[in-house]
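Now for the letters of each chain:
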Protein chains: 2
Amino acid sequence: MLQTPEAPWTENETQCAHTLLKKAYEREVKNLLADIQDQASQITQVDELWKLHDFLSAKRHEIDGKYDNRESVIVFVFAQLLKEGLVNADELGFLAGEKRAKIKALARL
Amino acid sequence: MLQTPEAPWTENETQCAHTLLKKAYEREVKNLLADIQDQASQITQVDELWKLHDFLSAKRHEIDGKYDNRESVIVFVFAQLLKEGLVNADELGFLAGEKRAKIKALARL
């Protein structure tokens, strides 16, 4: 059976997607900040400080590349965010059904 | 006037220098840890978190290269530590007078 081509993104879908992406980014950095503050407050040895630095380096790099809003990749980005709990399925309600289904399927992989 | 060549390092000078270097390193990382914990506790924005990361990257790099205990460079290392208040002049009492004088002169540069 031939796969149905995905419907093009409407302007509303694109705008809502960008807004949700921004919201997820803000959630992620808020969580990261709380985590760093918690970790930092518990450090007593310099080795742990370097570990915190390594952790923050990796997180910064990850976040820098993660919130890619190009139409060609955005379903993969949302799938990852759904998997990580940074967006929830209800928040994807602005998307046409087949896009939502694709994101949910990808998030289960 | 020809410069008097520096007296060779005695075994005692070398051992005491290594011990003092270690002590200064411990002071520096202790101060750094307190500073990072203080900075981290005050962060409210992600930009400040990335600034903290940059600061920690620079400090780690600086500290990695700083505590060089080779005889050829150790007077420069002590001069820098004296300048920064990480060792004090009294702690250099184990060194022969001309070495101490050289370190103090370099620290004033």
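Residues numbered from 1 in each chain as written. Chains lettered and ligands numbered in written order. Predicted model: local features only at pLDDT ≥ 70, side-chain atom pairs only at ≥ 80, totals over all residues. Heavy atoms only, no water.

**Student:** Is there a simple way to explain the interface of chain B and chain A in this structure?
**Tutor:** By a widespread convention, an interface's size corresponds to the accessible area lost as its parts come together. On the side of chain A, 21 residues touch chain B, which itself brings 21 residues to the contact. Contact between chain B and chain A buries roughly 1,900 Å² in total, counting both sides, with carbon and sulfur atoms accounting for 70%. Three residues, B:W50, B:H53 and B:R60, lead the burial of chain B against chain A; their summed loss comes to 35% of the area buried on that side. Run the count over chain B and chain A and you get two salt bridges. Ionic pairing is found between B:D54 and A:R60, a salt bridge with its closest N-O pair at 2.9 Å. (Contact = heavy atoms within 4.5 Å. Buried area = accessible area lost by both parts, 1.4 Å probe. Salt bridge = Lys/Arg side-chain N within 4 Å of Asp/Glu carboxyl O.)

**Student:** I tried to follow the packing of aromatic side chains on my own but got confused; where do I start?
**Tutor:** Geometry of an aromatic ring pair is reported as the spacing of the ring centres plus the angle between the planes. Residue and element names in this part refer to chain A. Scanning all chains against the criterion turns up two aromatic pairs over all chains. Ring centres of Y25 and Y67 lie 5.4 Å apart, and the angle between their planes is 85°; this geometry places the pair in the edge-to-face category. Taken together, the residues span a long stretch of sequence, with Y25 in helix α1 (residues 11–42) and Y67 in the loop between α2 (46–66) and α3 (74–83) at a distance of 42 residues. Judged by its relative accessible area of 26%, Y25 falls in the partly exposed class. Relative accessible area serves as the criterion here: at 16%, Y67 is assigned to the buried category. Over the face of the ring belonging to W9 we find K99, whose NZ or CZ atom lies 5.4 Å from the ring centre. (Phe/Tyr/Trp six-rings, centres within 6.5 Å; stacked < 30°, edge-to-face > 60°. Helix = DSSP H or I, 4+ residues; strand = E, 2+ residues; numbered from the N terminus. Buried < 20%, exposed > 50% of the residue type's maximum accessible area, 1.4 Å probe, protein only. Lys NZ or Arg CZ within 6 Å of the ring centre and 35° of its normal.)

**Student:** Would you explain the confidence of the model for chain A in this entry?
**Tutor:** As a general rule, the predicted coordinates of low-pLDDT regions are not to be interpreted in detail. Mean pLDDT over chain A: 93, with 95% of residues reaching 70 or higher. Note on the complex model: pTM 0.87, ipTM 0.86. (pLDDT = per-residue confidence, 0-100.)

**Student:** Got a minute to help me understand the relation of the copies chain B and chain A in this structure?
**Tutor:** Overlaying chain B on chain A yields an RMSD of 0.0 Å, the required transformation being a rotation through 180° with an accompanying axial translation of 0.0 Å. Here the transformation between the copies is reduced to the relation of a two-fold axis. By residue overlap, the copies meet face to face through one surface: 100% of the interface positions of chain B are interface positions in chain A. (Least-squares fit on C-alpha atoms with pLDDT ≥ 70 in both.)

**Student:** What am I meant to see in the pattern of salt bridges here?
**Tutor:** Proximity of charged atoms lets side chains of opposite charge pair with each other. Residues and elements named next belong to chain A. Taken as a whole and assessed by the stated rule, the structure comprises 16 salt bridges over all chains. Across the pair K66 and E28 runs a salt bridge whose closest N-O atoms are separated by 2.9 Å. With a gap of 38 residues between them, K66 in helix α2 and E28 in helix α1 connect regions that are remote in the sequence. Judged by relative accessible area, which is 7%, E28 ranks as buried. With its nearest N and O atoms 2.5 Å apart, the salt bridge here joins E84 to K66. With E84 in the loop between α3 and α4 (97–108) and K66 in helix α2, the pair connects residues that are 18 residues apart, well separated along the chain.

**Student:** Teacher, can you tell me more about the environment of B:C16 here?
**Tutor:** Along the chain, B:C16 turns up in helix α1 (residues 11–42). Residue B:C16 is classed as partly exposed on the basis of its relative accessible area, which comes to 25%.

**Student:** Quick question: what am I supposed to make of α4(A) here?
**Tutor:** Residue and element names in this part refer to chain A. The first and last C-alpha atoms of α4 sit 17 Å apart over twelve residues, in line with the 16 Å expected at 1.5 Å per residue. Every buried residue of α4 is accounted for by K99, I103 and A107. Within α4, the buried residues cover an arc of 70° as seen down the axis, which keeps them to one side. In this structure, the buried residues of α4 make contact with α1 and α3. (Expected span 1.5 Å × (residues − 1). Arc of directions from axis to C-beta.)

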